Amino acid sequence: MSALKRMLGPVAVITISNPPVNALSPAVQESLLKVLKEINLDPTVKAIVLGGENGKFSAGADIRTFQTREVRSAASLEDVNSALEKSTKPIVAAIEGVALGGGLELALGCHYRLAHVKAQVALPEVLLGLLPGAGGTQRLPRLIGIPAALEIITTGQYVSAPAALKLGLLDSVVEDNVVQAAVDLAHNVIGQPLEPRRLCMRPLPCPPNVEKLFDEAKVKLKKQFRGAKSHQVCVDAVRAAVELPFAEGILKERELFLTLFSSDQAKARQYAFFAERSVARWTAPSGANWKSASPRPIRTAAVIGLGTMGRGIAVSLARAGIQVIALEQDKKQLEMGSKAVMSIMERETQKKQQLGHALNAPHFGFVKFTLDFNELGNADLVIEAVYENMALKKEIFQRLSKMCKPETFLCTNTSGLNIDEIASVTDRPHLVIGTHFFSPANIMRLLEVVRGYHSSPTTISTVMNLSKVLGKIAVVVGNCPLFVGNRLMGPYVEQAVFLLEDGYTPNEVDQVLEEFGFAMGPFRMSDLAGLDVGWRSRMERGLTGPKLSPGVPACQREGKRYSPLPDILCEKGRLGQKTGQGWYQYERAGGRTAVADPWLQSFLEDYRKAHKIRQNVVRHDEILEWCLYPLINEGFKVLEDGIASGPEDIDVIYTHGYGWPKHMGGPMFYASMVGLPRVLTTLETYYESNRDVPSLKPSALLKKLVTQGSPPLKEWRSQLGHHQSSKL
Ligand code: CAA
Ligand code: NAI
């Protein structure tokens, strides 16, 4: 962990060295200051180049130390930046790989910035619940102007080197040896005045309606990142750059940084960062794991069914340069599917071009559309995405088993059917696995990898590796009805519907959950996805009906409370946005603007009267608990059953697939922040008065953890037994 120095003529090259990503720890910062001091005192040095070891400039401050180290040391990076800026010898930042967060701030302290064409720069602090706290909010606007800086700082977006060059963030972009190019540049600027290159001295170009710009940015960010503080505070920090001289702006930035640094939202975001990386380290029940298993390369993949999911899956594969064979059941569906695939690809290509991204040739792999099952024979991997129907899926897997070469992996995109049952009809259950993509599959990054009882480590490893190639975040889960994500959704949606029976409107429930941070509450979400998705699945599993008879207070099935409301709406043709009516009404079929529907209001009133349902008045903050605690409880049950191997897995699934706000970490992290005793006591109270709602019965694991004094989340994994997947 250090800053190394070597001489190339009169140019001193400083190299940051802290594997794997040259994170800026206090030790690195101290070392940089020391080397800089030495160099400035050395008369033989005329210019300086600052770079990073192993092809990476720096990924910024060491996030691992945020929750343990003193804030004071996190601040000292600005001392380094200030020292770089004040240097009397010109300093050129040689950016390879990434310059992120504190790494980019370091480069902003330099007098010149030169990058490799494939490098990326960003200030992603906002995504960690923070703001750039080492001068980034004061220097970047002075370099590229307020609108562009505001966009980069408040969204944390990664900017490619060519795009950064256009913005004026970089002075030059090169295709080969960056350090050599930086040394050449350093040579050329020896003796030139440094004053204009010091960002702290630059006047800030201010657009005329700057106040409006800030206000509008806040409104937009509030909508985009509901309930998240850091995006709002980032705007305040950039505003300080406009309102205050540089030195005071730096003090204001620091003050705002400190308000975020120890917040729960920052803790949640930083936890989410490491959780995302931890899910790649899977272990199978056999003990085989990500290190011991070897993935096989996938060059050709087949997709069966080009409906909602198959289209996005085919595009994701093709985008990664994989040859795709896409199969449909008839000519009409094939035509529709192929048109849809081609149009997604065209839109994606246009968007990439607009953003100035270099298109790797070819941008998309080749997609062959076919009706002929025989064409699938040579695929390395097949993903089935036909209707959610067990008989149909079994028929397809039987055919695949006969048709495909013996080593072909057979994957199903089922959203909850038994993987082992599907695998049982094949000659290779060890090569069968669930690949549960989320809709739209070309956009959503989450992939639930559902290991069956027989799925081999090579199969798991191959699919995990494929997910990386596709740019997805994959989580390995066990096989149970609905897997992890949809299984936890069940109690959440069920409670939301019970709240309607109890006297609330869809809008009241949605609003509470949207204020919490969900992009959409359960009813708006259900209207968007289509009420018929769940309805069909319930019919397939024999879970629709019975209907309530007038005068019966609440519907029960096998002794458990059950609400027929969603089924009734479907029977009335109210399937959500697609039919223009669902839990809300829309301007037309396919409309997007949800408006409260007076018909639904009076229907619910009649329903409650007819069935003598007692209005159960719940406080607004309790709506949150009624919906979220059963979901969290199911999360503990999933851990107990070994279906998820750790709380991080559930949290990644929820933040990436179900709109759980990242600044709330995920359901399990949220439970740990609320406090397990509170979650347990609330569930116990609710269950006491609702014995016919099993999802309220506290899980044994939750009770065990509370009995043990509620250990921190990172210790929960050690309380779990061995995982078992189901077997037929
Ligand atoms: N601090 C500590 N560890 C970091 C890190 C950082 N800033 N960035 C990455 N790592 C670690 C990862 O946790 C991972 O560790 P494990 O192998 O133990 O899991 C390892 O480096 C490699 O990271 P990835 O698995 O993500 O590898 P990748 O090649 O896919 O991506 C990357 C590399 C582009 C740098 C990516 O990790 C990334 O985007 N990191 C984000 C960095 C970031 O947000 N920086 C801002 C920090 S805040 C700041 O700088 C301001 C401040 O002063 C407060
Ligand atoms: P869909 O109804 O939109 O598309 C299914 C497609 O399969 C249709 O185009 C149909 O013509 C085709 N098909 C049917 N039988 C076929 C056969 N024998 N050969 C070739 N093609 C055939 O369905 P959707 O929504 O894409 O779902 C597919 C699978 O993905 C289901 O298992 C579903 O549960 C799952 N899933 C769906 C999600 C969603 O949001 N729609 C999300 C995640 C998983």
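Residues take numbers from 1 onward in each chain, read along the sequence in its written order. Labels follow written order: the first chain is A, the first ligand is 1, and so on. Totals for whole chains, interfaces and linings use all residues, but because this is a predicted model, local features are given only for residues with pLDDT of at least 70 and pairs of side-chain atoms are given and counted only at 80 or more. The side-chain quantities take in all heavy atoms of the structure and omit both hydrogens and water.

## With respect to the site of ligand 1
Okay, so step 1: Here, proximity means that at least one heavy atom of the residue falls within 4 Å of the molecule or strand. In the region of ligand 1, 22 residues are neighbours, and Ala-59, Ala-61, Gly-102, Tyr-158 and Arg-277 sit closest.
Okay, so step 2: For the purposes of these results, a polar contact is taken to be a pair of N or O atoms within 3.5 Å, where, inside protein, one atom must be able to donate a hydrogen and its partner to accept one; residues adjacent in sequence count only when each atom of the pair is a side-chain atom. Side-chain polar atom of Tyr-158 to an oxygen atom of ligand 1: 2.6 Å apart, as the coordinates give it.
Okay, so step 3: Separating an oxygen atom of ligand 1 from a side-chain N or O atom of Arg-277 is a distance of 2.7 Å.
Okay, so step 4: For the shell around ligand 1, the element with the most residues is helix α12 (residues 264-278), which contributes three residues.
Okay, so step 5: Amino acid classes used here: Ala, Val, Leu, Ile, Met, Phe, Trp, Tyr, Cys and Pro are nonpolar; Asp, Glu, Lys and Arg are charged; the rest, including Gly, are polar. Partitioned by chemical class, the residues of the shell around ligand 1 number 14 nonpolar, three polar and five charged. Numbered from the N terminus, helices here are DSSP runs of H or I no shorter than four residues, and strands are runs of E no shorter than two.

## Let's talk about the domain arrangement of the chain
Okay, so step 1: Splitting the chain by domain gives domain 1 (2-262), domain 2 (290-477) and domain 3 (503-610).
Okay, so step 2: Computed from C-alpha coordinates alone, the two centres of domain 1 and domain 2 are separated by 41 Å. Where a domain begins and ends is set by an automatic assignment or by a domain database.

## Things to note about the packing of aromatic side chains
Okay, so step 1: Here is the rule: rings of Phe, Tyr and Trp (six-membered ring for Trp) pair when centre to centre is within 6.5 Å. Planes less than 30 degrees apart are stacked, more than 60 are edge-to-face, and the remainder are tilted. All told, the structure shown has 17 aromatic pairs when counted by the stated rule.
Okay, so step 2: When the centroid spacing of 5.0 Å and the interplanar angle of 90° are considered together, the rings of Phe-273 and Phe-274 count as edge-to-face.
Okay, so step 3: Judged by centre distance (6.2 Å) and plane angle (40°), the rings of Phe-603 and Tyr-607 are tilted. Taken together, the residues span about one helical turn, with Phe-603 and Tyr-607 both in helix α23 (residues 598-610) at a distance of four residues. This pair shows no difference in class: Phe-603 is buried, exactly as Tyr-607 is.
Okay, so step 4: One cation-aromatic arrangement involves Arg-277 over Phe-273; the distance from NZ or CZ to the ring centre is 3.7 Å.
Okay, so step 5: Charges are assigned to positions over rings by a cutoff of 6 Å between ring centre and Lys NZ or Arg CZ, combined with an angular limit of 35 degrees from the ring normal. If you follow Arg-399 out to its NZ or CZ, it ends over the ring of Phe-373, 4.1 Å from the centre. The buried label goes to any residue with under 20% of its type's maximum accessible area, the exposed label to any with over 50%, and the partly exposed label to all in between, with areas taken from a 1.4 Å probe on protein chains only.

## Focus: the sheet that holds strand β5 (residues 98-100)
Okay, so step 1: Two strands are said to pair when DSSP picks up at least two bridges between them. Taking strand neighbours across the sheet as the criterion, the three strands line up as β5-β7-β8 in an open arrangement whose pairing is mixed. The two strands at the open ends of the sheet, each matched to only one other strand, are β5 and β8 (159-160).
Okay, so step 2: Of the pairings in the sheet, the one linking strand β7 (residues 120-122) to β8 comprises two bridges and is antiparallel in character. Residue pairing in the sheet places Val-121 in a bridge with Val-159 of β8.
Okay, so step 3: Whether two residues are in contact is decided by their heavy atoms: any pair within 4.5 Å suffices. Axes, fitted as lines to C-alpha atoms, cover a helix only where it is in contact. Angles between the N-to-C directions of the axes lie from 0 to 180 degrees. Helix α4 (residues 102-109) contacts β5 and β7 of the sheet and is inclined by roughly 95° relative to β5.

## Comments concerning the site of ligand 2
Okay, so step 1: The local shell around ligand 2 holds 22 residues, among which Met-309, Glu-328, Glu-388, Lys-393 and Ser-415 are the closest.
Okay, so step 2: One nitrogen or oxygen atom from the side chain of Glu-328 is found 2.5 Å from an oxygen atom belonging to ligand 2.
Okay, so step 3: Between an oxygen atom of ligand 2 and a side-chain N or O atom of Asn-413, the distance comes to 2.9 Å.
Okay, so step 4: Per-residue and other accessible areas follow the Shrake-Rupley method at a 1.4 Å probe size, with only the shown protein chains counted as cover for residues. Alone, ligand 2 offers 830 Å² of accessible surface; in the complex the protein occludes 82% of this.
Okay, so step 5: Among the secondary structure elements, those contributing two or more residues to the shell around ligand 2 are α13 (308-319), α15 (390-403) and β15 (432-437).
Okay, so step 6: With three residues, α15 is the single largest residue contributor to the shell around ligand 2.
Okay, so step 7: For the shell around ligand 2, the residue count by class is nine nonpolar, 10 polar and three charged.

## A short note on the pairing of strand β6 (residues 112-116)
Okay, so step 1: Of all five residues in β6, four are buried; the element is thus mostly enclosed.
Okay, so step 2: Looking at chain direction, strand β4 (residues 91-95) and β6 are connected through four bridges and run parallel. Bridged to Ala-93 within β6 is Arg-113.
Okay, so step 3: Pairing of β6 with strand β9 (residues 172-174) involves three bridges; the strand directions are parallel.

## Section: the packing of helix α26 (residues 667-674) against helix α27 (residues 676-688)
Okay, so step 1: Two elements in contact, α26 and α27, have axes whose closest approach is 5 Å; the angle formed by their N-to-C orientations is 100°. With respect to their mutual orientation, α26 and α27 come out roughly perpendicular. Here α26 contributes Ala-671, Ser-672 and Val-674 to the contact with α27, which in turn contributes Leu-676, Arg-678 and Val-679.
Okay, so step 2: Its residues assigned to classes, the contact of α26 with α27 comprises four nonpolar, one polar and one charged. Note on terminology: angles under 35 degrees are roughly parallel, angles over 145 are roughly antiparallel, angles of 65 to 115 are roughly perpendicular, and the others are oblique.

## Some points on the environment of Ser-160
Okay, so step 1: Checked against the element boundaries, Ser-160 lands in strand β8.
Okay, so step 2: Residue Ser-160 is classed as buried on the basis of its relative accessible area, which comes to 16%.
Okay, so step 3: Along the sequence, Ser-160 and Ala-119 sit 41 residues apart, while their C-alpha atoms lie 6.2 Å from each other.

## Some remarks on the pattern of salt bridges
Okay, so step 1: Here a salt bridge means any side-chain nitrogen of Lys or Arg lying within 4 Å of a carboxyl oxygen belonging to Asp or Glu. Overall, the coordinates contain 35 salt bridges when judged by the stated rule.
Okay, so step 2: Arg-487 is paired through a salt bridge with Glu-634; the nearest N and O atoms lie 2.8 Å apart. Taken together, the residues span a long stretch of sequence, with Arg-487 in helix α18 (residues 485-501) and Glu-634 in helix α24 (residues 620-640) at a distance of 147 residues.
Okay, so step 3: The shortest N-O distance in the salt bridge between Lys-578 and Asp-532 comes to 2.9 Å. Placement of the pair is Lys-578 in the loop between α22 (565-571) and α23 and Asp-532 in helix α21 (residues 531-540), with a sequence separation of 46 residues.
Okay, so step 4: Residue Asp-532 is classed as buried on the basis of its relative accessible area, which comes to 7%.
Okay, so step 5: It is possible to trace a salt-bridge network through shared partners that takes in Glu-78, Glu-85 and Arg-139.

## What about the environment of Gly-312?
Okay, so step 1: As for its placement among the helices and strands, Gly-312 is situated in helix α13.
Okay, so step 2: Along the backbone, Gly-312 and Phe-437 are 125 residues apart, and their C-alpha atoms lie at a distance of 9.0 Å.
Okay, so step 3: With residues up to four places along the chain from it excluded, the contact list for Gly-312 reads Ala-441 and Asn-442.

## A few points about α13
Okay, so step 1: In a regular helix each residue adds 1.5 Å, so 12 residues correspond to 16 Å; α13 covers 17 Å between its end C-alpha atoms and thus fits that length.
Okay, so step 2: For α13, the buried fraction is high: nine of the 12 residues fall into the buried class.
Okay, so step 3: At the C-terminal side of α13, Gly-321 shows a positive phi close to 85°. Multiply 1.5 Å by the residue count of a helix minus one, and that product is the helix's expected span.

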